[in-house]
Amino acid sequence: MKLNRLKTLDEDMMATSLKRCLSTLDLTLMGVGGMVGSGLYVLTGTVAKEIVGPAIIISFIFAGFASLLAAFCYAEFGARIPKTGSAYMFTYVSVGEIWAFLIGWNVILENMIGGAATARAWSGYLDSIFNHAIQNYTETHIMQWNVPFLAHYPDILAAGILLFAMFFISFGVQVSSYLNHIFSTISMVVIAFILIFGFVLAEPANWSPKEGGFAPFGLSGILAGSATCFYAFVGFDVIASSSEEAKNPQKAIPIATAISLGLAAAAYILVSTVLTLMVPWHSLDPNSALADAFFRRGYSWAGIIVAVGSICGELLLCNLFSLPRTVYAMAEDGLFFHIFARVNPVTKVPVIAILVFGTLMAIMALIFDLEALVQFLSIGTLLAYTFVAASIIVLRFQPEKAGSKGTASTSPNPTVDPALSESQTINEDRGELKQYESFSDKLQLVERDFEPGEVVAFCVLILIVSSVSFCAVLVFGNGQLYLPLWSYALLLVIFGLAYVLSLALIWMHEPQAKSKTFQVPLVPLTPAASILINVFLMMKLSFLTWIRFTVWIAIGKKTHKSQNKWKSSYKKMLRVDQLVTPRKAYT
C-alpha cells in the first residue's frame with residue numbers, strides 16, 4: 001500500500017453535506033473580517049514601537065505582496081476544488097496524506113492561538129475604555145498567579161466572548177454571515193474615521209531624525225517587521241475554507257480574495273501611516289496604540305470611537321469559523337476523530353467540532369499569555385502557504401487523464417529518428433514535455449524511465465530545498481555561521497543556480513489545458529516566488545519560535561501514527577465482517 005496517498009475527489013465537486021448559501025459579498029466581508037481585526041488595532045502599534053518604527057509602512061507593503069502571491073494560489077485551488085479544509089485539502093489532493101496531515105495539524109493550532117489572541121486583544125481594548133477596571137477587579141477579588149507562559153490573571157471576558165461567538169456560529173453559516181456583515185460595516189466606518197481625522201492631526205516632524213527617523217532599525221528591522229506583519233494578512237484563507245458553502249465558488253472565491261486582500265492592505269498601510277504621524281513611534285502603547293494616540297492628542301471621544309471599532313473588528317472571529325471546518329475535513333477523510341465529521345441536519349454545520357474547539361479556544365484565552373505566540377502563528381501560516389504554492393505547481397503540471405486530449409497518432413514520422421518519434425508519442429499521451437529542439441527531445445528520452453509527473457514533483461522538491469538553503473545562507477551566513485566572504489558568495493551562487501535550474505526544468509513541461517476557473521498567472525514563476533519569499537520570512541522568525549514549531553510537529557507525527565494504527569484496526573475489523581457475513585447468508 002502506498003504510504004503517502006493522494007486524495008481522490010468526487011466527480012461532482014459541488015456535492016456537499018454543508019449548505020451552499022454564501023455570495024461573493026459574503027465571502028469578501030468574511031475575508032476583510034479575517035484580516036482587519038486585532039492586527040490593525042494591536043499589531044501596528046507593537047511592530048512600529050518594538051521592531052521597525054515608521055518604516056512599518058514598507059513592512060506592510062512587503063508582507064502584502066507576499067500574501068498576494070499566496071492568495072493567488074489559494075484562489076485557484078478554492079475555485080478548482082470547492083471543498084472545505086483550505087491548505088489541508090489542497091495539500092492532500094496534490095502532495096499526499098502525510099504532508100496534508102501536518103499542514104492541517106498546524107492550521108488547527110494556528111486558528112486556536114489566533115482566535116484566543118484576538119479575544120484577549122478584544123478584552124484588553126474594552127478594559128482600556130474602563131481604565132483597566134476589569135483587570136483590577138479580577139486580580140483583587142477572583143485570582144491572580146505568577147506562572148511562566150500563563151497570564152497574570154484569568155481573562156474571563158476573553159473566554160466569554162469566544163463562548164458567545166461559538167453559540168452564534170453553531171446556528172449556521174447564514175447567521176455567522178449576517179453578524180459578520182454588521183461588524184464589518186461598523187469596523188470599516190471607524191477605519192474611514194481614523195484615516196480622515198488622523199491625517200488632519202498628522203505631524204511630519206514625528207518622522208524626523210529628531211524622533212529617530214523613518215527607519216530607526218534599518219533594513220533588518222524592516223524585514224523582521226515584514227515577517228511579523230505577515231500575521232495581519234493570514235485571515236484571507238477563511239475564503240478558501242468557505243468554498244464548500246459558496247453558491248458559485250468558481251467566480252466568487254477569486255473575486256472575494258482579490259478585493260478583500262486589496263482592502264486590507266490599503267487599510268494597514270494607511271492606518272500605520274496615520275498612527276506614526278500622529279504621535280512619535282517610540283511613545284506608542286503596544287496594547288491599544290490607535291485609541292491611545294487620540295487620547296494623547298486630547299480627543300478622548302475619538303479614542304472611544306476607535307475602541308468601539310476595534311471591538312467590532314475583533315468580534316469578527318474568523319478563526320472560530322475556519323477551525324471547525326478544517327477539523328471537519330480531516331475527520332471526513334479519516335485523519336481525525338470521526339465524530340467531528342458529523343453535520344447537524346438542521347443548521348448544516350459541524351456543530352460538535354464548533355463546540356469542542358470553541359471551548360478549547362476559550363480555555364486558552366482564559367489562562368494563557370499569548371503575546372509571545374504571535375510569531376508562532378506566522379511560521380505555521382508561512383509553511384501552509386509554501387505547501388499550497390508547491391501544490392499549485394505539482395497539480396498544474398500533472399499529466400491529464402488518458403483520452404482527455406483525444407487519441408494521438410502512433411504512426412512514426414518517416415523523416416524523424418524512430419527513437420525520437422517514439423519518445424514524442426509517449427510524451428504526447430502522458431502530457432509531459434513541450435516539443436522543443438534537440439535538448440528537450442533528449443530530455444524526453446530520459447524521462448521515459450519515470451512515472452508521469454515524477455520529474456516535476458522532484459523539481460519542486462529541489463526548488464524548496466534550494467530556497468531553504470539559499471535563504472539560510474543569506475540570513476545567517478554573515479552572522480551566526482561566520483562564513484568567509486568567498487564561501488558565502490559561492491553558496492549563494494550554487495543554491496541560486498539550483499533554484500533557477502529546477503524552475504527552468506519545470507517550465508519545459510507542458511501544463512494542463514487552461515481551465516474555465518481562475519488560474520494563477522505565470523506558473524511556475526508566481527508560486528516559486530511565493531515559496532522563496534515565504535521561506536525567507538520564516539528564516540527571519542526567532543529561534544524560540546522554531547523550537548516551539550518543532551515540538552508541535554513532533555506531537556503531530558505521533559498523533560498521525562496513532563491515527564493510522566486506529567484506521568488499520570478499523571479496516572481489519574470491516575474486512576472480517578465482510579468475510580463472515582456472506583458465509584452466514586450462504587449457509
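Under the annotation held in an unreviewed UniProt entry, the protein chain carries the name Solute carrier family 7 member 4 and is attributed to Takifugu rubripes. On record in UniProt, under Subcellular location (unreviewed entry), the comment for the protein chain is "Membrane".

A word on the overall build of the protein chain. A tally of regular secondary structure across the protein chain gives 22 helices and zero strands. A buried classification covers 53% of the 587 residues belonging to the protein chain. Put simply, 81% of the contacts in the protein chain that link residues at least 6 apart link residues at least 24 apart.

Another aspect to go through is helix H20 (residues 485-507). In this model, H20 (23 residues) spans 33 Å end to end at C-alpha, consistent with the 33 Å of a helix rising 1.5 Å per residue. All of the buried residues along H20 are Ser487, Tyr488, Leu492, Gly496, Tyr499, Ser502, Leu503 and Ile506.

For the bond from Val523 to Pro524, the omega torsion is 10 degrees, close enough to zero to count as cis. Mapped onto the elements, Pro524 comes out in the loop between H20 and helix H21 (525-539). Despite not being glycine, Ser86 shows a phi value in the positive range, around 50 degrees. Relative to the assigned elements, Ser86 resides in the loop between helix H3 (56-80) and helix H4 (87-94). The class for Ser86 is buried, based on a relative accessible area of 3%. Of note in the backbone geometry, Lys348 takes a positive phi value of approximately 60 degrees without being a glycine. Its place among the elements puts Lys348 in the loop between helix H14 (318-332) and helix H15 (351-367). Among the residues examined, Lys348 registers a relative accessible area of 34% and is labelled partly exposed.

One recurring pattern in soluble globular proteins is that nonpolar side chains are buried together. Membership of the largest hydrophobic core comes to 141 residues, with the highest contact counts inside it found for Tyr74, Phe233 and Phe336. When residues are assigned to domains, this core turns out to be shared by domain 1 (24-397) and domain 2 (439-545), each giving three or more. Residues contacting Tyr74, with those up to four places away along its chain left out, are Ser86, Ala87, Phe90, Phe236, Asp237, Ala240, Ala384, Tyr385 and Val388.

On to the packing of helix H1 (residues 24-35) against helix H11 (residues 249-278), then. Contact geometry for H1 and H11: axes closest at 8 Å, N-to-C directions at 35 degrees. Considering the relative orientation of H1 and H11, their crossing is right-handed. Here H1 contributes Thr24, Leu27, Thr28, Gly31, Val32 and Met35 to the contact with H11, which in turn contributes Ala252, Ile253, Ile255, Ala256, Ile259, Ser260, Leu261, Leu263, Ala264 and Tyr268. Across the contact of H1 with H11, the residue classes break down as 12 nonpolar, four polar and no charged.

Attention shifts here to a nonpolar patch on the surface. Together, Ile182, Ile186, Phe295, Ile304 and Val308 give the surface a local cluster of nonpolar side chains, amounting to about 400 Å² of exposed area. Structurally, Ile182 is set in helix H8 (residues 173-200). Accessibility expressed as a relative area gives 47% for Ile182, which makes it partly exposed.

Conventions used here
- Residues numbered from 1 in each chain as written.
- Predicted model: local features only at pLDDT ≥ 70, side-chain atom pairs only at ≥ 80, totals over all residues.
- Heavy atoms only, no water.
- UniProt positions renumbered as here; feature names shortened; annotations may be inferred.
- Helix = DSSP H or I, 4+ residues; strand = E, 2+ residues; numbered from the N terminus.
- Buried < 20%, exposed > 50% of the residue type's maximum accessible area, 1.4 Å probe, protein only.
- Contact = heavy atoms within 4.5 Å.
- Expected span 1.5 Å × (residues − 1).
- Core = buried A, V, L, I, M, F, W, Y, C linked by side-chain atoms within 4.5 Å.
- Domains from an automatic or database assignment.
- Axes fitted to C-alpha atoms, helices over the stretch in contact; angles between N-to-C directions.
- Left-handed = near helix turned anticlockwise from the far one by under 90°.
- Nonpolar A, V, L, I, M, F, W, Y, C, P; charged D, E, K, R; others polar.
- Patch = residues over 30% accessible without salt bridge, like charges linked within 9 Å, V, L, I, M, F, W, Y side chains within 5 Å.
- Areas by Shrake-Rupley, 256 points an atom, 1.4 Å probe, with all protein chains shown as cover.
- Salt bridge = Lys/Arg side-chain N within 4 Å of Asp/Glu carboxyl O.

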